Amino acid sequence: MNITIIGTGYVGLVTGACLAELGNNVFCLDLDQRKVDLLNAGGMPIYEPGLKEIIERNVEEGRLRFSSDVEASVAFANVQYIAVGTPSGEDGSADLQYVLAAGRAIGRHMRDFKVIVDKSTVPVGTADKVRQAILEQLAERGMAHLQYSVISNPEFLKEGAAVDDFMRPDRIVLGVDDDAQGRHALAIMRELYAPFNRNHERTRVMDVRSAEFTKYAANAMLATRISFMNELANLADRVGADIELVRQGIGSDPRIGYSFLYAGTGYGGSCFPKDVRALAQTAAEYGHEMKILAAVDEVNQRQKNVLADKVFEQFGPDLRGLSFAVWGLAFKPNTDDMREAPSRTLIGALLRAGAGVAAHDPVAVEQTRLALAEDFADRPELLQNIRYVDKPMEAVQGADALIVVTEWKNYRSPHLAALKTALMNPLIIDGRNLYDPHQVTAAGFTYLAVGRNN
Ligand code: UGA
């Protein structure tokens, strides 16, 4: 099947590459010519395990191409995915300008039946707006008789595991209209996704609004679990309980389950923070206040300070003359994404209090430089006090404490004796509860984790 993907961001690139890998011919459109050139030259705008290999293979075999030619992209395929960005507006609502621009481009150039697949995370009701945007363009061209169907097919990809999530989905949500065009669109999408449904049917067909809502409901539920666990962890610290034991104690109840119950330094990334705020904003637009979502967001903001708070408790508010090793910068392992990363909050607090920082991350250093340049636009001179090192142990040398922010695998079993020799103080502040408190304290460390100070 021929497929067009509009937008080669995270979602678009993974979707395009994986659909090509399944044997389809995929045309990836992006208006950013530099990005198109980079991709055509074999470069990668993001780091995602396994993606580069798939792209290379499919470009070489002629099933995947990148271009900025809008007219050609519309002509190429009956199925047009919209996978452009939906940044947060001032009030937390999703900014739909790129989504609607994509709809207008399709309306300007289409000549035959199109299925327009909303893949970007968009508020309930967006498909109607895209439909309208297309119709206006068709009407202007005197082609309002052309048929099309706008459907919702939200993505459930996790960064760092996106290829695997795409190739082995636990569900495929399709929101379609119950009319002739909608049924035609559904038949096409079922054929496209048939490889995922061989063993059992994973497709959930529903109306468009429910599909749009499902995406936000999933992320809001997951974010709520994390904020709830972080609240419990902060209380566990005060009452002398260990949140890790509590996690195991409650996770064994199948109604609760083990996954997504890890307390830490707060959730980051491009999805949870944005989607929680956008859903609250949608509720507000409909005159409904979602108190839980406001609390989830507020708890998360506070949780991002948990590591800096522990530093200040130990060393006081003035950190001049002190230096800290930071392990992990990306908002989670296996990605270089620094959007809303808790490390930014920590490093912001440390540098502003006068400390020096030696930071390590396996892949996110370049993105960190860009992110911190933004965060320190008011005081760029403070960035002289951060240095990036190639090996985790280099960061620790002479530092007053080790602070673990991201749970990359290579931080999981440090050589404790070497660590103790390298540090000025035997202090580990662990934002991911990676270590066994008994083992680390037995090795002579002071160990401050999240919800484990019993
Ligand atoms: C999330 C969802 O998990 C995906 O299902 C969804 O498709 C995606 O958003 C999206 O909307 O595009 P992602 O943001 O890539 O995926 O990352 P997650 O692995 O879900 O982690 C999000 C944040 O929660 C990270 O900062 C992570 O450290 C934190 N987290 C996760 C916890 O603090 N505790 C946990 O138990 C789990």
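No experiment lies behind these values; they were computed from the predicted model shown.

1. Here's the deal with the packing of helix H14 (residues 342–352) against helix H15 (residues 365–375)
Turning to step 1, where the next piece is worked out: The interhelical angle for the contact between H14 and H15, taken along N-to-C directions, is 55 degrees, at an axis separation of 11 Å. It follows that H14 is oblique to H15 by the angle criterion. At the point where H14 passes H15, the crossing takes the right-handed sense. Counting all contacts with H14, which are made through Arg344, Ile347 and Gly348, the residues of H15 involved are Ala371, Leu372 and Asp375.

2. Looking at the pairing of strand S7 (residues 172–175)
Turning to step 1, where the next piece is worked out: Burial of S7 is two-sided: the residues Ile172 and Leu174 facing one way and the residues Val173 and Gly175 facing the other way are all buried.
Turning to step 2, where the next piece is worked out: Alignment of S7 against strand S8 (residues 203–206), held across four bridges, turns out to be parallel. Residue glycine 175 lies in a different strand from S8, and its bridge partner there is methionine 206.
Turning to step 3, where the next piece is worked out: In this fold, the crossover linking S7 to S8 by way of helix H8 (residues 180–193) has right-handed handedness.

3. Remarks on the sheet that holds strand S13 (residues 427–430)
Turning to step 1, where the next piece is worked out: Taken together, the six strands give an open sheet; going across it, the order is S11-S10-S9-S12-S13-S14, and neighbouring strands pair in parallel fashion. In this open sheet, the two strands that pair with only one neighbour each are strand S11 (386–388) and strand S14 (446–448). Here the average twist between neighbouring strands, direction ignored, is 20 degrees.
Turning to step 2, where the next piece is worked out: Note: strand S10 (residues 356–360) against S11, three bridges, orientation parallel. Paired with alanine 359 across the bridge in S11 is tyrosine 388.
Turning to step 3, where the next piece is worked out: This element, H14, spans strand S9 (323–327), S10, S11 and strand S12 (401–404) of the sheet and lies at about 175 degrees to S9.

4. As for the pairing of S9
Turning to step 1, where the next piece is worked out: Within S9, five of the five residues are buried, leaving the element largely enclosed by the surrounding structure.
Turning to step 2, where the next piece is worked out: A two-sided burial pattern is seen for S9, the buried positions comprising Ser323, Ala325 and Trp327 on one face and Phe324 and Val326 on the other.
Turning to step 3, where the next piece is worked out: Each parallel crossover has a hand, and for S9 linked through H14 to S10 it is right-handed.
Turning to step 4, where the next piece is worked out: Two strands pair when backbone bridges link them, and S9 and S12 are joined in this way by four bridges, in the parallel orientation. What sits directly across from phenylalanine 324, in S12, is alanine 401.

Reading the values: the criteria
- Residues numbered from 1 in each chain as written.
- Predicted model: local features only at pLDDT ≥ 70, side-chain atom pairs only at ≥ 80, totals over all residues.
- Axes fitted to C-alpha atoms, helices over the stretch in contact; angles between N-to-C directions.
- Helix = DSSP H or I, 4+ residues; strand = E, 2+ residues; numbered from the N terminus.
- Parallel < 35°, antiparallel > 145°, perpendicular 65-115°, else oblique.
- Left-handed = near helix turned anticlockwise from the far one by under 90°.
- Contact = placed C-beta atoms within 7 Å.
- Buried ≥ 20, exposed ≤ 12 C-beta atoms within 10 Å, placed from the backbone.
- Pairing = 2+ DSSP bridges.
- Right-handed = clockwise from strand over helix to strand, strands pointing away.

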